[in-house]
Amino acid sequence: METILGSSVPVFVFLTVLVFGGCGVLTGQTLAEGWKPVSNVLAYSLLLGLGDRFLAWGLFGEQLLSLWGFIVHTVVIGLITLTAHRIAIARRMVNQYPWLYETAGPFGWRERKPVRG
């Protein structure tokens, strides 16, 4: 398991999921507030993945140049960031255009049905 993760499980859970996952949530929400496209989310996820590998190496003595570790950690951070971005975009669409859209689950919106009187 540690070969695939590129670090120990406690380091993965603490550093990648909690610390950098939290950074990913904030990054996704901030990018959604500025109506930034998904390509920006992916670019920032790569930067967060690099920071994660560096801190895993610097603080916990894990391998710095672990390709699988970088890929797995970056994918996890990217999924968290993309999820936060999508939730924030859906919430923003419904809040900003309440006469056009209504909530359709946490990730989406749909056109509001016209009220017939």
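Our subject is the structure that appears above.
Everything numeric in this text was worked out from a predicted model, so none of it was measured.

The rules we used
- Residues numbered from 1 in each chain as written.
- Predicted model: local features only at pLDDT ≥ 70, side-chain atom pairs only at ≥ 80, totals over all residues.
- Heavy atoms only, no water.
- Helix = DSSP H or I, 4+ residues; strand = E, 2+ residues; numbered from the N terminus.
- Rg over C-alpha atoms; globule rule 2.2 N^0.38 Å.
- Buried < 20%, exposed > 50% of the residue type's maximum accessible area, 1.4 Å probe, protein only.
- Contact = heavy atoms within 4.5 Å.
- Polar contact = N/O pair within 3.5 Å; in protein donor to acceptor, adjacent residues only side chain to side chain.
- Core = buried A, V, L, I, M, F, W, Y, C linked by side-chain atoms within 4.5 Å.
- Axes fitted to C-alpha atoms, helices over the stretch in contact; angles between N-to-C directions.
- Parallel < 35°, antiparallel > 145°, perpendicular 65-115°, else oblique.
- Left-handed = near helix turned anticlockwise from the far one by under 90°.
- Nonpolar A, V, L, I, M, F, W, Y, C, P; charged D, E, K, R; others polar.
- Expected span 1.5 Å × (residues − 1).
- Bend = angle between axes of the 7 residues up to and from the residue.

Description of the overall build of the protein chain
And then number 1: On a plain count of helices and strands, the protein chain comes out with four helices and two strands.
And then number 2: For the protein chain, the succession of helices and strands along the chain, N to C, is α-α-α-α-β-β.
And then number 3: Against the compact-globule benchmark of 13 Å for 117 residues, the protein chain has a radius of gyration of 18 Å, which places it well outside the compact range.
And then number 4: Referenced to the eigenvectors of the C-alpha coordinate spread, the extents of the protein chain come out at roughly 65 × 25 × 20 Å.
And then number 5: Each of the 117 residues in the protein chain was classed as buried or not, and the buried ones make up 34%.
And then number 6: Pairs at least 24 apart in sequence give 60% of the contacts found in the protein chain among residues at least 6 apart.

Remarks on the side chain of E102
And then number 1: Tracing the backbone shows E102 in strand β1 (residues 101-103).
And then number 2: One polar contact links E102 to R110, side chain to side chain, over a distance of 2.8 Å.
And then number 3: Excluding residues within four positions of it along the chain, E102 makes contact with V94, W109, R110, E111 and R112.

Section: the nonpolar core
And then number 1: Core analysis: the biggest nonpolar cluster contains six residues, these being V11, L15, F20, L48, A56 and I77.
And then number 2: Elements supplying a minimum of two residues to this core: α2 (9-33) and α3 (38-60).
And then number 3: The element that contributes the greatest number of residues to this core is α2, accounting for three residues.
And then number 4: Here I77 is in contact with T16, F20, S45, L48, G49 and D52, once residues within four sequence places are set aside.

What about the packing of α3 against helix α4 (residues 67-96)?
And then number 1: One way to put it is that α3 packs onto α4 with a least axis distance of 8 Å and a crossing angle of 140 degrees. For the element pair α3 / α4, the angle class is oblique. Viewed along their axes, α3 and α4 form a crossing whose handedness is right-handed. Contacts from V38, V41, L42, S45, L46, L48, G49, L50, D52 and R53 in α3 reach G69, F70, H73, T74, I77, G78, T81, L82 and H85 in α4.
And then number 2: Each residue belonging to the contact of α3 with α4 can be placed in one class, and the counts come to nine nonpolar, eight polar and two charged.

Topic: α2
And then number 1: Relative to the 36 Å expected for 25 residues at 1.5 Å per residue, α2 spans 33 Å between its end C-alpha atoms, a close match to the ideal helical length.
And then number 2: Along its length, α2 reaches its greatest deviation from straightness, about 35 degrees, at G21.
And then number 3: Among all positions of α2, only V11, F12, L15, T16, F20, G21, G24, T27, G28, L31 and A32 are buried.
And then number 4: Buried residues belonging to α2 abut α1 (2-5), α3 and α4.
And then number 5: In the stretch just after α2, W35 is the one whose phi turns positive, near 55 degrees.

Nothing here speaks to function; it is all geometry.
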